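Each chain, written out:
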Amino acid sequence: MRNSKPKDCGPGFRIRRYTVKTPKISEEVRLAVAADLHGCPYGEGQRRLLAAIRRERADAILMPGDMYDDRDDDGPFWDFLQGAAALAPCFYVTGNHEYGRCLEGVTNRSRAEAAALKEKVRALGIAVPEGERLVLPTKGGRIAIMGIDDPFAGRNRVSEQYLRCCRQVRPGEYSILLSHRPEKLGGYRYFPGDMVICGHAHGGQWRLPGLRGGVYAPGQGLFPKYAGGLYRRGQGHLLVSCGLCYRYPELPRFGNPPELVILRLIPSVCSSRKTDAAAKCKRCQSREK
Ligand SMILES: [Fe+2]
């Protein structure tokens, strides 16, 4: 007898991997990026999504907004956050949907609700930066993680947070900025850090053969430049996740499955070069021959 699929199981998701080399770390650092969940369930208690992150042995879980959605039951959202907090250090910033009632516009009430939501997220032990620089210690070295609110928090407020992040970047330290919308703040070209991680574009919603980058993204319109992928940004990168949401009945995804991103930061200089000859990587060994 075949077991029927549980109703809340949801569709599958892919794991999309990006690798970036940097001289600022001495060993590989692995970061899971879960964006735009919109409260969608992936199995009871989010077990499938959490199991995937556990298997990837992520050093941290980064959430660049729209994890919550006011149009839906918030149980799966809290299930994911609780499970994620138990797996690895977590970093969370708001997206437009954390400010809720998007079709009615942002109000003082929805901003107060977002502030209360952030406090509940912090109570789980999850960092919610608002322009602060936080340090993630890893075996490969220290990673600075900064974050800013969605512009729905208030344009001046978010600009001030962004400038504060720019001023806190330290040379020699790998710096990441979390921000929900990839098309804002001039494409982040003045952020002097290494990596900006965003969501919001949902992969351009429909991916068609021969069309690179999807059809439509909120804030970018038709044929978006930053629909989902890894882009060069000055000396650094902009990573845009296609997100994990699969429940937009009015705008279904096509050719664009939900995704969990795994970002591997690997050292561009072999850490064993100076000391242990036996442990040298193959590349260094062949260079020295
Ligand atoms: Fe979203």
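So, a few notes on the structure that sits alongside this text. Remember, it's a predicted structure, so these values are computed and weren't measured experimentally.

Here's the deal with the sheet that holds strand 11 (residues 229–233)
Strand pairing within a sheet occurs via backbone hydrogen bonds; the two strands may be parallel or antiparallel. Reading across from one edge, 5-6-7-8-12-11 is the order of the six strands in this open sheet, with mixed pairing throughout. Two strands in the sheet have a free side with no partner beyond their single neighbour: strand 5 (133–138) and strand 11. For this sheet, the mean inter-axis angle between neighbouring strands, taken without regard to orientation, is 25°. Where strand 7 (residues 174–178) meets strand 8 (residues 195–198), three bridges bridge the pair, whose relative direction is parallel. Its bridge partner being in strand 8, Leu178 is matched across the sheet by Ile197.

Some words on the pairing of strand 2 (residues 29–33)
Of all five residues in strand 2, four are buried, a share of seventy percent or more. Examined bridge by bridge, strand 2 and strand 13 (residues 259–267) share five bridges and lie antiparallel to one another. Following the sheet pairing, Ala32 is matched in strand 13 by Ile262. As paired elements, strand 2 and strand 3 (residues 60–64) share three bridges and run parallel to each other. Counted as the bridge partner of Val33 is Leu62 from strand 3.

So, helix 3 (residues 108–122)
Between its terminal C-alpha atoms helix 3 stretches 21 Å, which fits the 21 Å expected from 15 residues at 1.5 Å a residue. Of all the positions in helix 3, only Ala114, Leu117 and Val121 are classed as buried. The buried residues of helix 3 occupy an angular sector of 60° when projected down its axis, which confines them to one face. Facing away from the buried side of helix 3 by over 90 degrees, the exposed positions are Asn108, Arg109, Ala112, Ala116, Glu119, Lys120 and Arg122. Where helix 3 is buried, its residues meet helix 2 (75–87) and strand 4 (90–93).

Quick notes on the rules
Residues numbered from 1 in each chain as written. Predicted model: local features only at pLDDT ≥ 70, side-chain atom pairs only at ≥ 80, totals over all residues. Pairing = 2+ DSSP bridges. Helix = DSSP H or I, 4+ residues; strand = E, 2+ residues; numbered from the N terminus. Axes fitted to C-alpha atoms, helices over the stretch in contact; angles between N-to-C directions. Buried ≥ 20, exposed ≤ 12 C-beta atoms within 10 Å, placed from the backbone. Expected span 1.5 Å × (residues − 1). Arc of directions from axis to C-beta. Contact = placed C-beta atoms within 7 Å.

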